[in-house]
Amino acid sequence: MIAKLKQYFPCCWQDTVVLTILMASALDICLLLQPLGTNGLHVPLVFVLAVLITAGHTTGYLYGILASVIAMFGVNFVLTSYFSLRFWLAGYPLTFLTMFSVSIVTSTFTTKTREQERIRIDAEREKMRANLLRGIGHDLRTPLTSIIAATNLLLEDGNRLGEDEQREMLCSIRDESEWLIRMVENLLSITRFDGGAAKLKRVDAAAEELMGEVAMKFQKRFPEVRVDAVSPNELLMISADVVLIEQVLFNLMENAVLHGHADAITLSVEPDGKKALFQVEDNGCGIDEALLPHLFEDYVYQITGESSHDMKQNLGIGLSVCMAILKAHNSTLRARNKTEGGAVFSFILS
Amino acid sequence: MEEKSSILVVEDERIIRNMICTALTNNGYQVYSTGSGLNACALITSQRPDLVILDIGLPDIDGFEIIRQVRSWSHLPIVIVSARTHERDKIEALDMGADDYLTKPFGTGELLARVRTALRHARNQREGSGSDAVQIFRAGGLMIDFSRHIVTVDGNEVHLTQNEYKIVSLLAQNSGRVLTYELILKELRGAKSKCDTQTLRVNMANIRRKIERNPARPTYLFTEVGIGYRMIEGE
């Protein structure tokens, strides 16, 4: 019961300000128009308009009703002589009734519109989630089938395989598993802040320390790739959720290796005014020109269809996660191809 | 001849527990294990292991409680094992007295390195800081002479401020082990220096620029962002 009351009669200071401004303006306009000699006809009209606007721009019914009450006093105040309020003159009840109805109708209308807007946003978010789930299901299934195939082979035909082949099977099992766990971590991090930027755990961190840690972790995972890191002479501090930003950098670097087939990556950070510009450069084959404009669409990824194990179709999740994380940090991802080959991904953090 | 060190493994996930036990046994350690935190406390008091590997996310008892209990009567080294996303837990555990941490999933190499380091430091502490104490620290091209307060990299002497030297020597004396911001700051504050985490970071940045060839790809001083710093293991 209380909850329902709170829903229909919410109180907030912004709406109080709106109410005050509109009522005061209505009063001023009436007084200004007084010398025009319209015989006071304009007064109820101006106040009804004010009530209409108030009800339309505030949430709930409370302010609309308050507006009609205040307007009633206002009309009375202006039309009779100054400093007197006389309600028993004919016509006032009707005026008040009209203003009251106007406010109720308008409030109902705006409440309904807001409700529909909220439903639409929820539906859109549901659609994105469904897309993401479909994509995830597909992306997680592929490496798992490889793992199962490899382990079955080892268990059933293990003694017929040479030692090298066995090692190769085990290595691919490990690689696919590592990829899987990173995907799961990516997804878990999305859920961490899906509710909005409020859930981010921002801390102050040194950009070069972040880069150093990512470079080291990446090098461990891909020892055959040359990883370079460049940082400015001055200590550059950023405020961000470091675990998530490390994930962004790692995803970008992994993409460069797995999709761009790069064997040398350079991480760099430099000051950009009061902010920090992070860049991930690689010497791979660059981004497909056709894909470039669509790279950053929400949760869109390409299913190439035929190649089940070419990880091309997994381009989407890694980048989608980067986009989502950066968006929560009020930033966006930029990408371009270098003239000398390879791609550069960059983003700015404060 | 060195006696075998004994290690207690407290981990509720069977496969991981088996992996840790196998790796340790294959490397010459005597291993006890349990999947229950309550058993762990009993085993620690009865078996007196030289080191405990403790999973922070145990289902039956709070891992922190075990650390607290153990630390109330022993300096026995504790290496905690935690899942990826619990950064906060790691810092808390380290500040409560854990010596180091491992993040699941980890490889045997990392596990053995952490165990070796923790046991080494515990042994050094036991043997006291008398004349047996380590006088010189060496790792790659880095050399620190504790008695003369001299730091050289590849033969060239490096000039550090008093605070910078304190930090470097603290990390070197605990080489291979992670030291939280809090721990390092506690050491520095003792000398009446006004230090907070930001000052510490600035100091570390300066140290890196003096010691590392590329401050962005350090080889001696590693950062565990959000947790603290770690110096590479000495020779």
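All residue numbers refer to positions counted from 1 along the written sequence of the respective chain. Following the order in which they are written, the chains are lettered starting with A and the ligands numbered starting with 1. Reporting of local features is limited, given that this is a predicted model, to residues whose pLDDT is at least 70; pairs of side-chain atoms are given and counted only at 80 or more, and all residues count toward the totals for whole chains, interfaces and linings. The basis for every side-chain value is the complete set of non-hydrogen atoms in the structure, without hydrogens or water.

Quick notes on the overall build of chain B
Note on conventions: DSSP H or I runs of at least 4 residues are helices, E runs of at least 2 residues are strands, and numbering of each starts at the N terminus. For chain B, the helix and strand inventory stands at eight helices and twelve strands. A globule of 235 residues ought to have a C-alpha radius of gyration of about 18 Å, and chain B, at 18 Å, matches this closely. Taking the principal axes of the C-alpha coordinates as reference, chain B spans close to 50 × 40 × 30 Å. Burial status follows relative accessibility: with a 1.4 Å probe on protein chains alone, a residue under 20% of its type maximum counts as buried, one over 50% as exposed, and anything between as partly exposed. Every one of the 235 residues in chain B was classed for burial, and the buried ones make up 52%. It only takes one pair of heavy atoms within 4.5 Å for two residues to be counted as in contact. Pairs at least 24 apart in sequence give 60% of the contacts found in chain B among residues at least 6 apart. For the area figures, the Shrake-Rupley method with a 1.4 Å probe applies, and any residue is considered shielded solely by the protein chains shown. Looking at chain B as shown, the accessible area adds up to about 11300 Å², and 48% of this sits on carbon and sulfur atoms. Here the globule rule reads 2.2 Å times residues to the power 0.38, and the radius of gyration is calculated from C-alpha atoms.

Some thoughts on the nonpolar core
Among buried residues, the Ala, Val, Leu, Ile, Met, Phe, Trp, Tyr and Cys ones that are joined through side-chain atoms within 4.5 Å form a nonpolar core. Among the nonpolar cores identified, the biggest contains 54 residues, and Phe 218, Leu 252, Phe 278, Leu 333 and Phe 347 of chain A are the most heavily contacted of them. Membership of the second largest hydrophobic core comes to 28 residues, among which are Val 153, Tyr 165, Leu 171 and Tyr 220 of chain B.

Some details on the sheet that holds strand S1 (residues 6–10) of chain B
Residues and elements named next belong to chain B. A pair of strands counts as paired when DSSP detects no fewer than two bridges linking them. With respect to topology, five strands assemble into an open sheet ordered S2-S1-S3-S4-S5, the strand pairing being parallel. Here the strands that pair on one side only, and so sit at the sheet edges, are strand S2 (30–34) and strand S5 (100–103). Within the sheet, the average angular offset between the axes of one strand and its neighbour, ignoring direction, is 20°. Inspection of the sheet shows S1 paired to S2 by five bridges, in the parallel sense. Note that in S2 the partner of Val 9 across the bridge is Ser 33. Lines fitted to C-alpha atoms define the axes, with helix axes restricted to the stretch in contact, and inter-axis angles between N-to-C directions lie between 0 and 180 degrees.

Let's talk about the domain arrangement of chain B
Residues and elements named next belong to chain B. The domain boundaries here were taken from an automatic or database domain assignment. Examined at the domain level, chain B breaks down into domain 1 (6–127) and domain 2 (136–231). Using C-alpha coordinates to define each centre, domain 1 is positioned 27 Å away from domain 2. Tallying the contact residues gives twelve residues for domain 1 and 13 residues for domain 2. Each of two parts loses accessible area, computed with a 1.4 Å probe, when they are put together; buried area is these two losses added. Here domain 1 packs against domain 2, burying approximately 1000 Å² in sum over the two surfaces, 48% of which is carbon and sulfur. Any carboxyl oxygen of Asp or Glu within 4 Å of a side-chain nitrogen of Lys or Arg constitutes a salt bridge here. Put simply, domain 1 and domain 2 have one salt bridge between them. As used in this structure description, the phrase polar contact means that two N or O atoms lie within 3.5 Å; if the pair is within protein, one of them must be able to donate a hydrogen and the other to accept it, and residues adjacent in sequence are counted only when both atoms belong to side chains. At the surface where domain 1 touches domain 2, the tally comes to seven residue pairs in polar contact (both at pLDDT 80 or more).

Some thoughts on a nonpolar patch on the surface
There is a patch of nonpolar side chains on the surface, built from Ile 29, Leu 32, Leu 33 and Leu 36 of chain A and spanning about 390 Å² of accessible area. Tracing the chain through its elements places Ile 29 of chain A in helix H2 (residues 13–33). Patch membership is restricted to residues that have no salt bridge and whose relative accessible area is over 30%. Joining uses 9 Å for like charges and 5 Å for the nonpolar side chains Val, Leu, Ile, Met, Phe, Trp and Tyr.

Regarding the environment of Val 158 of chain B
Residues and elements named next belong to chain B. Looking at where Val 158 falls in the secondary structure, it is placed in strand S9 (residues 156–158). Considering only alpha carbons, one finds Val 158 and Ala 205, 47 residues apart in sequence, at a separation of 15 Å. In contact with Val 158, not counting residues within four places along its chain, are Val 151, Thr 152, Val 153, Lys 210 and Ile 211.

Looking at a negative patch on the surface
On the surface, Glu 163, Asp 164, Glu 165 and Glu 168 of chain A cluster together to form a negatively charged patch. Position of Asp 164 of chain A among the secondary structure elements: in helix H6 (residues 163–193). Positive charge is attributed to Lys and Arg, negative charge to Asp and Glu, and no charge count is given to His or to the chain ends. Charge positions are represented by NZ for Lys, CZ for Arg, CG for Asp and CD for Glu.

Observations regarding the pairing of strand S8 (residues 150–153) of chain B
Residue and element names in this part refer to chain B. Here S8 shows two buried faces, one formed by Ile 150 and Thr 152 and the other by Val 151 and Val 153. Between the antiparallel neighbours strand S7 (residues 142–145) and S8 lie four residues, among them His 149 with a positive phi of about 55°. Hairpin geometry of S8 and S9 is characterised by an intervening segment of two residues between the two adjacent antiparallel strands and by a positive phi of about 55° at Asp 154.

Considerations on the sheet that holds strand S10 (residues 178–180) of chain B
Residues and elements named next belong to chain B. Strand order in the open sheet made by the three strands is S10-S12-S11, with antiparallel pairing throughout. Every interior strand has two partners, whereas the edge strands, S10 and strand S11 (221–224), have only one. On average, each strand axis in the sheet is inclined to that of its neighbour by 30°, with strand direction left out of account. Lying over the sheet, helix H7 (residues 181–189) contacts S10, S11 and strand S12 (228–231), oriented at roughly 70° with respect to S10.

What about the side chain of Asp 100 of chain B?
Residue and element names in this part refer to chain B. Mapped onto the secondary structure, Asp 100 falls in strand S5. By relative accessible area, which is 1% here, Asp 100 ends up buried. Within polar-contact distance, the side chain of Asp 100 engages the side chain of Arg 230 at 3.1 Å. When residues no more than four places from it in sequence are discounted, the contact partners of Asp 100 are Ile 78, Val 79, Ile 80, Leu 94, Arg 114, Gly 176, Arg 177, Val 178 and Arg 230.

Examining the pattern of salt bridges
Counting across every chain of the model gives 26 salt bridges over all chains. The residue Arg 208 of chain B makes a salt bridge to Glu 208 of chain A at a minimum N-O spacing of 3.0 Å. You can see Arg 208 of chain B sitting in helix H8 (residues 197–211) and its partner Glu 208 of chain A sitting in helix H7 (residues 207–221), one on each of two chains. Among the residues examined, Arg 208 of chain B registers a relative accessible area of 1% and is labelled buried. Look at Glu 208 of chain A and you get buried, because its relative accessible area is 2%. One continuous salt-bridge network, built from bridges that share partners, spans Asp 100, Glu 110, Arg 114, Glu 224 and Arg 230 of chain B.

Quick word on the environment of Gln 30 of chain B
All names here are of chain B. Here Gln 30 is to be found in strand S2. On the basis of relative accessibility, which here comes to 37%, the residue Gln 30 falls in the partly exposed class. For Gln 30 and Leu 221, which are 191 residues apart along the polypeptide, the C-alpha to C-alpha distance reads 32 Å.

A closer look at the interface of chain A and chain B
Every contact between the two is made by 30 residues of chain A and, on the other side, 22 residues of chain B. Between chain A and chain B, a total of about 1900 Å² is buried, with carbon and sulfur atoms accounting for 51% of that surface. If you look at where chain A meets chain B, you find three salt bridges. Taking the shortest distance from any N to any O, the salt bridge between Arg 209 of chain B and Glu 208 of chain A comes out at 2.9 Å. For the side of chain A that touches chain B, the elements supplying multiple residues, two or more each, are H6, strand S1 (203–206), H7, strand S2 (226–230) and helix H8 (242–258) of chain A. Tallying contributions element by element places H7 of chain A first for the side of chain A that touches chain B, with eleven residues. Classes in brief: Ala, Val, Leu, Ile, Met, Phe, Trp, Tyr, Cys and Pro nonpolar; Asp, Glu, Lys and Arg charged; the others, Gly included, polar. The residue inventory of the side of chain A that touches chain B, partitioned by class, reads 15 nonpolar, four polar and eleven charged.

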